[in-house]
Amino acid sequence: MSALSIALSDGACLIDSTGSEPDLKTVLLKRLSNYYARLGNECCRVRETSLEDIQLLTAREALAVVTRVQEIIGIEEQPGVDQPPLIGTRDLRELRTLLSIVFRWGIEPLYARVVLITLRFLLSRLASTSSGKYPSRNQNEESAQDIYQKALKLLQDPILPVRAHGLLLLRQLVTPSVPTSNDPKLNDDALVPAIMSIFLQSIQDDDSYVFLNAVQGLVAMVDRFGKEVLKALVKEYTDGLDGLKASILTQRDLDTRTRVGEALASVIKKCGEALSLYVDIIVPPLLQLLRSRHSPTVLRASSLSLLSDCESTSPLSMLPYVTDLAGAMLDILQLEIVPTHSISGDSEKQPPSLDTEPLSTNTKFPPLRRGALHFLALMMRETTKLIYESSFGTSLFSDDFLRRAKTTLGYVASVDSDNVVRVMAREAAEDLNQLYKAILGL
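Predicted, not measured: the structure shown is a model, and the values here were computed from it.

**Some thoughts on the overall build of the chain**
The number of helices and strands found in the chain is 16 helices and zero strands. When each of the 442 residues of the chain is scored for burial, the buried share is 42%. Looking at the chain as shown, the accessible area adds up to about 24,300 Å², and 53% of this sits on carbon and sulfur atoms.

**A look at helix α13 (residues 319–336)**
Over its 18 residues, α13 runs 26 Å from end to end, which matches the ideal 26 Å to within 8%, given 1.5 Å per residue. The inward-facing, buried residues of α13 abut α11 (279–291), α12 (297–313), α14 (366–390) and α15 (399–415).

**Section: the side chain of aspartate 10**
Looking at where aspartate 10 falls in the secondary structure, it is placed in helix α1 (residues 3–13). On the basis of relative accessible area, aspartate 10 is assigned to the buried category, the value being 3%. Leaving out residues up to four positions away in the same chain, aspartate 10 has contacts with Tyr35, Arg38, Leu39 and Arg68.

**Considerations on the nonpolar core**
By size, the foremost hydrophobic cluster in this structure holds 93 residues, and its most contacted members are Phe199, Leu230, Ile282, Leu325, Met329 and Leu376. Non-local contacts of methionine 329, meaning those with residues more than four positions away in its chain, are made with Leu290, Leu304, Ala372, Phe375 and Leu376. Ranked by size, the runner-up nonpolar core spans 24 residues in total, among them Tyr36, Ile73, Leu95 and Trp105.

**Some points on the packing of aromatic side chains**
Under the definition given, this model contains two aromatic pairs. On the basis of an interplanar angle of 20 degrees and a centroid distance of 4.9 Å, the ring pair of phenylalanine 397 and phenylalanine 401 is categorised as stacked. Comparing phenylalanine 397 with phenylalanine 401, the two get one shared label, buried. Positioned over the ring face of phenylalanine 211 is arginine 259, at 4.0 Å from the centre of the ring.

**Quick look at the packing of helix α7 (residues 192–202) against helix α8 (residues 208–225)**
Close contact between α7 and α8 brings their axes to 8 Å; oriented N to C, the two are set at 150 degrees. When the interaxial angle is binned, α7 and α8 end up roughly antiparallel. Viewed along their axes, α7 and α8 form a crossing whose handedness is left-handed. Facing α7, whose interface residues are Val192, Ile195, Met196, Phe199, Leu200 and Ser202, α8 presents Val210, Phe211, Ala214, Gly217, Leu218, Met221 and Phe225. Residues of the contact of α7 with α8, tallied by class, amount to eleven nonpolar, two polar and no charged.

**Observations concerning a nonpolar patch on the surface**
Together, Leu99, Phe103 and Ile107 make up a nonpolar patch on the protein surface, roughly 260 Å² of accessible area in all. On the basis of relative accessibility, which here comes to 40%, the residue isoleucine 107 falls in the partly exposed class.

**A short note on α7**
Among the residues of α7, Val192, Ile195, Met196, Ile198, Phe199, Leu200 and Ser202 are the ones counted as buried. The secondary structure elements touched by the buried residues of α7 are α5 (144–155), α6 (160–174), α8, α9 (227–238) and α10 (251–271).

**With respect to the packing of α15 against helix α16 (residues 419–440)**
For the pair α15 and α16, interaxial distance at closest approach is 8 Å and the crossing angle is 155 degrees. Accordingly, the angle class assigned to the pair α15 and α16 is roughly antiparallel. Where α15 crosses over α16, the handedness of that crossing is left-handed. In this structure, α15 uses Leu402, Ala405, Lys406, Leu409, Val412, Ala413 and Ser414 to contact α16, whose residues at the interface are Val421, Arg422, Ala425, Arg426, Ala428, Ala429, Leu432, Leu435, Tyr436 and Ile439. Class assignment for the residues of the contact of α15 with α16 results in 13 nonpolar, one polar and three charged.

**Section: the pattern of salt bridges**
In total, this model carries twelve salt bridges according to the counting rule given. Residue glutamate 336 pairs with lysine 364 through a salt bridge whose shortest N-O separation is 3.7 Å. Here lysine 364 lies in the loop between α13 and α14 and glutamate 336 lies in helix α13, a separation of 28 residues in the sequence. Residue classification places lysine 364 among the partly exposed positions, given a relative accessible area of 34%. Its salt-bridge partner being lysine 385, residue glutamate 382 comes within 3.9 Å of it at the nearest N-O pair. Residue glutamate 382 and its partner lysine 385 are both found in helix α14; the two are separated by three residues, about one turn of the helix. Overall, the relative accessible area of 13% leaves glutamate 382 in the buried class. Each of Asp10, Arg38 and Arg68 takes part in salt bridges that share partners, so that together they form one network.

**With respect to the environment of valine 415**
Looking at the secondary structure, you find valine 415 in helix α15. On a C-alpha basis, the gap between valine 415 and isoleucine 337 in space is 8.7 Å, while along the polypeptide they are 78 residues apart.

**Observations regarding the environment of alanine 328**
Relative to the elements of secondary structure, alanine 328 occurs in helix α13. In this structure, the C-alpha to C-alpha distance between alanine 328 and leucine 287, residues 41 residues apart in sequence, is 9.1 Å.

**Section: the confidence of the model for the chain**
In the predicted model, the chain carries a mean pLDDT of 81, and the fraction of residues at 70 or more is 79%. The low-confidence segment residues 132–141 (pLDDT under 50) makes nine contacts with residues lying over four places distant or belonging to another chain.

**Observations concerning the side chain of arginine 259**
Turning to its location among the elements, arginine 259 is positioned in helix α10. Buried charge without a salt bridge: arginine 259, with aspartate 206 as the nearest opposite-charge side chain at an N-O distance of 5.1 Å.

**With respect to the state of the cysteines**
Under the counting rule described, the total for this entry stands at zero disulfides. The closest cysteine sulfur to the non-disulfide-bonded cysteine 271 is located on cysteine 310, 8.6 Å from its own sulfur. A residue is classified by how much of its surface remains accessible, and cysteine 310, at 1% relative accessible area, is buried.

Cut-offs used in this document
In this convention, every chain numbers its residues from 1, walking through the sequence in written order. Since the coordinates come from a predicted model, pLDDT governs what is reported: local features require at least 70, and pairs of side-chain atoms require 80 or more to be given and counted, while whole-chain, interface and lining totals use all residues. Hydrogens and water molecules were not included; the side-chain quantities draw on all heavy atoms of the structure. Helix numbering and strand numbering both begin at the N terminus, where a helix is a DSSP run of H or I of at least 4 residues and a strand a DSSP run of E of at least 2. Note on exposure labels: buried denotes an accessible area under 20% of the residue type's maximum, exposed denotes more than 50%, and partly exposed covers the range between, all computed with a 1.4 Å probe on protein chains only. Areas reported as accessible are Shrake-Rupley estimates using a 1.4 Å probe. Residue values count occlusion only from the protein chains shown. In a helix, the anticipated span is given by 1.5 Å times the number of residues less one. By definition in these notes, contact holds between two residues if any of their heavy atoms fall within 4.5 Å. Throughout this description, the term nonpolar core refers to a set of buried Ala, Val, Leu, Ile, Met, Phe, Trp, Tyr and Cys residues connected via side-chain atoms within 4.5 Å. A pair of Phe, Tyr and Trp rings is counted when the ring centres sit within 6.5 Å of each other, with Trp represented by its six-membered ring. The angle between the planes then sorts it: under 30 degrees is stacked, over 60 is edge-to-face, the rest tilted. We call a charge positioned above a ring when the Lys NZ or Arg CZ atom is no farther than 6 Å from the ring centre and deviates by at most 35 degrees from the ring normal. Lines fitted to C-alpha atoms define the axes, with helix axes restricted to the stretch in contact, and inter-axis angles between N-to-C directions lie between 0 and 180 degrees. If an angle is under 35 degrees, it is roughly parallel; if it is over 145, roughly antiparallel; if it lies from 65 to 115, roughly perpendicular; otherwise it is oblique. The hand of a helix crossing depends on one turn: near helix anticlockwise from the far one by less than a right angle means left-handed, and clockwise means right-handed. Residues are grouped as follows: Ala, Val, Leu, Ile, Met, Phe, Trp, Tyr, Cys and Pro are nonpolar; Asp, Glu, Lys and Arg are charged; all remaining types, including Gly, are polar. Each patch is built from residues lacking any salt bridge and having more than 30% relative accessible area; the joining distance is 9 Å for like charges and 5 Å for nonpolar side chains (Val, Leu, Ile, Met, Phe, Trp, Tyr). Any carboxyl oxygen of Asp or Glu that lies within 4 Å of a side-chain nitrogen of Lys or Arg is treated as forming a salt bridge with it. On a range of 0 to 100, pLDDT expresses the predictor's confidence in each residue. Charge assignment: positive for Lys and Arg, negative for Asp and Glu; neither His nor the chain ends contribute. The criterion for a disulfide is a pair of cysteine sulfur atoms lying within 2.5 Å.

Structural data, given as structure tokens:
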């Protein structure tokens with residue numbers, strides 16, 4: 001009998017289905033006894049008493065058999081061997097059964113134990129951090145300074161969930177107070193720049209849970225501390241993009257700015273009609289970024305999205321800027337349009353896009369025109385609503401602007417190479433028609 005046949009016969013003892021034992025534990029004990037007897041280890045007795053331990057032992061012996069078979073096949077397949085090993089269908093079926101035992105009773109329980117041990121370890125780390133420094137004080141008695149120091153310690157931990165918990169503590173610390181809550185809040189303005197710096201640094205983290213916590217932390221800081229934090233956020237988003245400075249942006253810089261943009265979008269939507277208090281802080285820098293030809297097109301499209309959020313959240317707050325912005329949108333559509341007949345080259349070749357060239361300053365990419373059309377359509381709908389509700393805004397746009405908008409939108413809807421742009425232009429033209437009827441009082 002060959003070594004391969006002996007190994008397979010040994011393994012058959014572990015999956016023997018003959019017998020009428022009353023329970024699984026007795027079946028496995030009998031199989032293990034036969035297996036050890038076949039190996040010549042009749043004196044070996046199974047000491048495990050629980051079913052889980054016996055299953056784990058069976059999985060270990062099954063893995064040993066599979067390993068022996070693998071080693072035998074590897075040796076017999078080496079050069080110089082006359083006849084390669086022959087494994088029949090029944091043998092393959094037995095090997096699959098042995099492997100299923102390894103996974104079911106060996107790997108899966110061990111994995112569950114590892115997960116449980118890891119969770120216990122994380123909880124113990126959090127508990128020791130929370131109570132190690134202030135053992136005599138409960139959570140309600142902790143001061144804001146205590147929580148700040150604890151959060152700093154958690155943020156230095158190499159384990160990701162522990163760092164995320166540190167960000168959560170900081171976020172709770174700067175969240176506006178609720179009258180019925182006894183949670184400690186930060187009252188020391190000297191710590192505000194430090195906490196904001198931590199959130200801005202965490203925004204660059206590759207883990208989505210960490211940077212989303214950081215984004216929400218920045219939103220909470222604006223809600224709590226107001227204009228000064230908002231000015232710092234807007235500066236972080238728009239500063240350093242004048243002239244050739246924008247051409248040295250890295251992908252990481254771009255990602256950071258777009259994530260700060262997410263925080264600004266949340267701040268704008270949360271302001272509601274109170275946006276009028278902050279509109280002069282937000283809109284002029286965004287308009288300056290939109291006009292910067294050296295800035296990546298991704299950032300310019302992002303600034304358009306933020307301007308649209310402002311218009312959607314509080315149209316009345318945007319009235320001082322809406323005429324200039326509307327003219328700027330028409331300028332973008334006229335200057336950056338890409339007619340269908342201008343596209344040439346290999347049609348099978350994938351054209352460049354912002355997905356493949358995120359740092360590009362090419363203003364011909366469709367997202368910029370789409371953003372301009374979205375703002376125009378939104379502005380027209382909101383202005384139409386204002387006119388019907390209060391008769392306010394009938395003289396907001398001149399006849400020259402309305403004629404120019406109609407001509408531009410009609411041309412873009414007819415010849416632009418991007419399907420989405422053409423559809424959006426037709427929808428914006430319909431909104432323009434409704435605006436014109438509202439101005440005439442129809």
